[in-house]
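Observations on the model geometry
Now for the letters of each chain:
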Amino acid sequence: NQMIEWASSDDDKLFKLSQIQLDKISISSKSRAITKSSELTKKARDIKVKTGLRVNSPGLFIGRGGANLRCLEERTGTFMYYKDGGSWFVYYENESSLAAVKRAMDN
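Residues numbered from 1 in each chain as written. Predicted model: local features only at pLDDT ≥ 70, side-chain atom pairs only at ≥ 80, totals over all residues. Heavy atoms only, no water.

1. Let's talk about the confidence of the model for the protein
Spelled out, the test is: Per-residue confidence from the predictor is reported as pLDDT, which spans 0 to 100. For the purposes of this entry, the term helix denotes a DSSP run of H or I that reaches at least four residues, the term strand denotes a run of E that reaches at least two, and both are numbered from the N terminus.
Per-residue confidence for the protein gives a mean pLDDT of 86; residues scoring 70 or more make up 92%. When pLDDT is averaged over each helix and strand of the protein, the minimum, 61, is found for helix α1 (residues 2–8) and the maximum, 96, for helix α5 (residues 67–76).

Here it is as structure tokens:
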């Protein structure tokens, strides 16, 4: 996380971090990573973020090894990030996706 904090302070550093990460993976993985990055970049233009969300039962919400969280992200087309102190950031494209995540957080 320290490297991410360093990279997020400057665009050039972010690109350097990206290159460092790509240099550490195999050629086949690199191709998939570049394709995924391109898809996410296109998506990022229209994405919104909701901050400060709380989860009633974090263990159940996240699931073993993050399985429930990944499933929810895939189903809703969202990306969720946990911030120290119990606050969640949810990146979403439409209100129905955000509503589905909020329902899951309330359970």
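2. What to know about the packing of aromatic side chains
Working definition: an aromatic ring pair is given by the centre-to-centre distance plus the angle between the planes. Rule in force here: Here a pair means two rings of Phe, Tyr or Trp (six-membered ring of Trp) with centres within 6.5 Å. Their orientation is stacked below 30 degrees between planes, edge-to-face above 60, and tilted elsewhere.
Inspection of every chain in the model, using the stated rule, returns four aromatic pairs. For the pair tyrosine 81 and phenylalanine 89, a centre-to-centre distance of 5.9 Å together with 65° between the ring planes defines the contact as edge-to-face.

3. Quick look at the side chain of serine 97
Applied cut-off: Exposure is judged per residue with a 1.4 Å probe applied to protein chains only, and the accessible area is read against the type maximum: over 50% gives exposed, under 20% gives buried, and values in between give partly exposed. For the purposes of these results, a polar contact is taken to be a pair of N or O atoms within 3.5 Å, where, inside protein, one atom must be able to donate a hydrogen and its partner to accept one; residues adjacent in sequence count only when each atom of the pair is a side-chain atom.
Relative to the elements of secondary structure, serine 97 occurs in helix α6 (residues 95–106). We classify serine 97 as buried; its relative accessible area is 8%. Of note is the side chain of serine 97, whose polar atom sits 2.8 Å from the backbone oxygen of threonine 76.

4. Quick notes on the nonpolar core
This is how the line gets drawn: Only buried residues count toward a nonpolar core. Its members are Ala, Val, Leu, Ile, Met, Phe, Trp, Tyr and Cys residues joined through side-chain atoms within 4.5 Å. Contact between two residues is taken to exist if any of their heavy atoms lie within 4.5 Å; hydrogens are not considered.
In this structure, Leu53, Val55, Phe61, Leu69, Leu72, Met80, Trp88, Val90, Tyr92, Leu98, Val101 and Met105 together form the largest nonpolar core, which totals 12 residues. Where this core is concerned, the elements lending two or more residues are α5, β3 (87–92) and α6. The contacts of methionine 80, once residues within four sequence positions are left out, are Phe61, Leu69, Leu72, Glu73, Trp88, Phe89, Val90 and Val101.

5. Considerations on the environment of serine 97
Taking the C-alpha atoms as reference, serine 97 lies 33 Å from isoleucine 20; in sequence the two are 77 residues apart. When residues no more than four places from it in sequence are discounted, the contact partners of serine 97 are Thr76, Thr78 and Tyr92.

6. Quick look at the pairing of β3
Successive residues of a regular strand alternate their side chains across the two faces of the sheet. The criterion, for reference: A strand pair is defined by DSSP finding two or more bridges across the two strands.
Across four bridges, strand β1 (residues 48–53) lies against β3 in antiparallel orientation. Residue pairing for β3: lysine 48 is matched across the bridge by tyrosine 92. As paired strands, strand β2 (residues 79–83) and β3 are joined by five bridges and run antiparallel to one another. Paired with phenylalanine 79 across the two strands is tyrosine 91, which belongs to β3. Here β2 hands over to β3 after three residues, with glycine 85 in that stretch at a positive phi of 100°.

7. Side note on the sheet that holds β2
So the rule is basically this: Here the axes come from fitting lines to C-alpha atoms, over the contacting stretch only for helices, and the angles between their N-to-C directions go from 0 to 180 degrees.
Taken together, the three strands give an open sheet; going across it, the order is β1-β3-β2, and neighbouring strands pair in antiparallel fashion. At either margin of the open sheet sits one strand with a lone partner, and together these are β1 and β2. Adjacent strand axes in the sheet meet at a mean angle of 20°, parallel and antiparallel pairs treated alike. Against the sheet, α6 touches β1, β2 and β3, its axis set at about 150° to β3.

8. Details of the side chain of threonine 76
Note that threonine 76 resides in helix α5. Residue classification places threonine 76 among the buried residues on the basis of a relative accessible area of 11%. Reaching out from threonine 76, the side chain makes a polar contact with the side chain of threonine 78 at a distance of 2.7 Å.

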